[in-house]
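Understanding the architecture of this molecule
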Amino acid sequence: MNLGIFVSDYKLCVDTLDRIKADKLGIILVLNGVYHAVLKEDGKVSELLSKTPNLYALSEDLATRGFSPDQVDSRVKVVDYSGLVDVIFNDFEKVAWI
Amino acid sequence: MGKLALGVYPGLVGSACYDFSLKLAAAAADKGHKVSIWYSGNATGSVKAHQKHLKDYSTAEKYLTALLEKGVEICTCEACTIARGIQKPEGIPGVQWNSMHWYLAAIHSADRVLHIGGE
Amino acid sequence: MGDVKCAFIVQRPQYKGETSRLAMTHALAYQTVEILLEDGETVTPTLCFVGEGVLGLSKGQKAMEMYGITSSESHIKNCLLVDLDVFVCKEDLEKFGIPESTLPDAEDMGAEKQIRVVPFAEIQKAMEEAKHVLFF
């Protein structure tokens, strides 16, 4: 399965995400999900970032929360809405919002 | 170009998910993709016309009107909408009213479906 | 395009929110979608309950008496009556200590279909086989 998963929360998503297996998994961080890309809770980066190399965060949602792209973990590709449309159509066969 | 079917369930006020869906729909339409939006649950409250945009609250009408002008198909769940006290003549012109099978039909022809469930 | 398979994954419990109920009512709409499609075209949802989504499925619900709303039990029974595949995650039932025997059937309505309690791996397979995956 080639699946891009939208994560829009910081805390409420991990249970479902942990169980899904995909040949190619993408994690697309939007809304409060972008905190996974910038926070170091108790000094540690989010475990979500180690689940796949295909990580994206929405620039508009980072900016809304006062973050700039240079604060984002280097593994995460920052995309704007236009770039997000390309991710949806070009990078994954299915997308899901958990 | 592809077809994107969006299903949006969270309410306009109180969830940024709704605002996200508007921006995504506009970006996809601007890139030439066909876009449809299905509103169900609390999202259906957003199809009422004559919304006043108070700056502490999200607003939908002007964005929905712009999306309709771009060719985006927008449909609200009739049952969900009338359950919230909104009658069809009060709706934003151009927004369709239909039953849940409208969404399934949109899914049938879609290349990608992004279903933003309620909270 | 023939049949389009969809996996409806319900991950939130019934009743407090509306989304898990809407998964069932939207799944039921597969019966009438043909009026908007060409001949031979269909949409087939598989309704899957996982995580806290397995809460609120028990038989004996009195939602109509208590709150004046259709119970999830009733919706489930209607789903079975129209031959939808309904999967409930075995591991999650066990985790919450919910016996399989508490799940409803729709034999009294004449349904042949029954809820299938399956390992998560089977639900994963349903997601893989589906063209689209929708989380409720």
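Residues numbered from 1 in each chain as written. Chains lettered and ligands numbered in written order. Predicted model: local features only at pLDDT ≥ 70, side-chain atom pairs only at ≥ 80, totals over all residues.

**A closer look at the sheet that holds strand β3 (residues 85–89) of chain C**
All names here are of chain C. Our working definition: At least two DSSP bridges between two strands are required for those strands to pair. A run of DSSP states H or I qualifies as a helix once it reaches four residues; a run of E qualifies as a strand once it reaches two. Both are numbered from the N-terminal end. Angles here are taken between N-to-C directions and fall from 0 to 180 degrees, while the axes themselves are lines fitted to C-alpha atoms, restricted in helices to the stretch in contact. Once C-beta atoms are placed from the backbone, any two residues with those atoms within 7 Å are in contact.
Ordered by their spatial adjacency, five strands build an open sheet running β4-β3-β2-β1-β5, and the pairing between neighbours is parallel. Edge positions in the open sheet fall to β4 (116–118) and β5 (132–135), since each of these has one partner strand only. Sheet twist, expressed as the average angle between the axes of neighbouring strands with direction ignored, equals 25 degrees. The sheet contact formed by strand β1 (residues 3–10) and strand β2 (residues 42–49) spans eight bridges and is parallel. Bridge pairing in β2 places Ala7 opposite Thr46. Against the sheet, helix α5 (residues 120–129) touches β1, β2, β3, β4 and β5, its axis set at about 135 degrees to β3.

**Description of the sheet that holds strand β2 (residues 34–39) of chain B**
All names here are of chain B. In space, the five strands of this open sheet follow the order β4-β3-β2-β1-β5, with parallel pairing throughout. Taken across any chain shown, the strands that pair with only one partner, and hence form the sheet edges, are β4 (96–98) and β5 (112–116). With direction set aside, neighbouring strand axes in the sheet form an average angle of 20 degrees. Looking at chain direction, strand β1 (residues 3–8) and β2 are connected through six bridges and run parallel. Bridge pairing in β2 links Val8 to Tyr39.

**Some remarks on the interface of chain C and chain B**
Applied cut-off: Under the grouping applied here, Gly and all other residues not named as nonpolar or charged are polar, the nonpolar ones being Ala, Val, Leu, Ile, Met, Phe, Trp, Tyr, Cys and Pro and the charged ones Asp, Glu, Lys and Arg.
Contacts between the two partners involve 22 residues from chain C and, on the opposite side, 18 residues from chain B. Those elements that place two or more of their residues in the side of chain C that touches chain B are β1, α1 (19–28) and β5 of chain C. With four residues, the single largest contributor to the side of chain C that touches chain B is α1(C). The residue makeup of the side of chain C that touches chain B, split by class, is 14 nonpolar, six polar and two charged.

**Describing the packing of α1(C) against helix α3 (residues 72–81) of chain C**
Packed helix pairs are characterised by how far apart their axes lie and by the angle those axes make with each other. Residues and elements named next belong to chain C. Note the following rule: Throughout, the term roughly parallel applies to angles under 35 degrees, roughly antiparallel to angles over 145, roughly perpendicular to angles from 65 to 115, and oblique to all others. Less than a right angle of anticlockwise turn of the near helix away from the far helix marks a crossing as left-handed, whereas a clockwise turn marks it as right-handed.
Closest axis-to-axis distance for the α1/α3 pair is 10 Å, and the angle between their directions is 25 degrees. Of the possible angle classes, the one that applies to α1 and α3 is roughly parallel. Crossing hand, α1 versus α3: left-handed. Each of Arg21, Met24, Thr25, Ala27 and Leu28 in α1 lies in contact with α3, whose residues at this interface are Ser72, His75, Ile76, Asn78 and Cys79. When the residues that make up the contact of α1 with α3 are grouped by side-chain class, the tally is five nonpolar, four polar and one charged.

**Quick word on the interface of chain B and chain A**
Taken residue by residue, the interface counts 17 residues in chain B and 11 residues in chain A. Elements supplying a minimum of two residues to the side of chain B that touches chain A: α1 (16–30) and β5 of chain B. Looking at the side of chain B that touches chain A element by element, the count peaks at seven residues for α1(B).

**A word on the pairing of β2(B)**
Within a regular strand, the side chains alternate between the two sheet faces. Residues and elements named next belong to chain B. Inclusion rule: With C-beta atoms placed from the backbone, a residue is buried if 20 or more other C-beta atoms are within 10 Å of its own, exposed if 12 or fewer are, and partly exposed between those counts. For the handedness criterion, the strands are oriented away from the viewer, and a crossover whose path from the first strand over the helix to the second runs clockwise is classed as right-handed.
Of all six residues that make up β2, five are buried, and the element is covered over most of its length. Bridge analysis of β2 against strand β3 (residues 73–77) gives four bridges, and the strand direction is parallel. For Tyr39, the partnering residue across the bridge sits in β3 and is Thr76. Once you follow β2 into helix α2 (residues 61–69) and on to β3, the crossover reads as right-handed.

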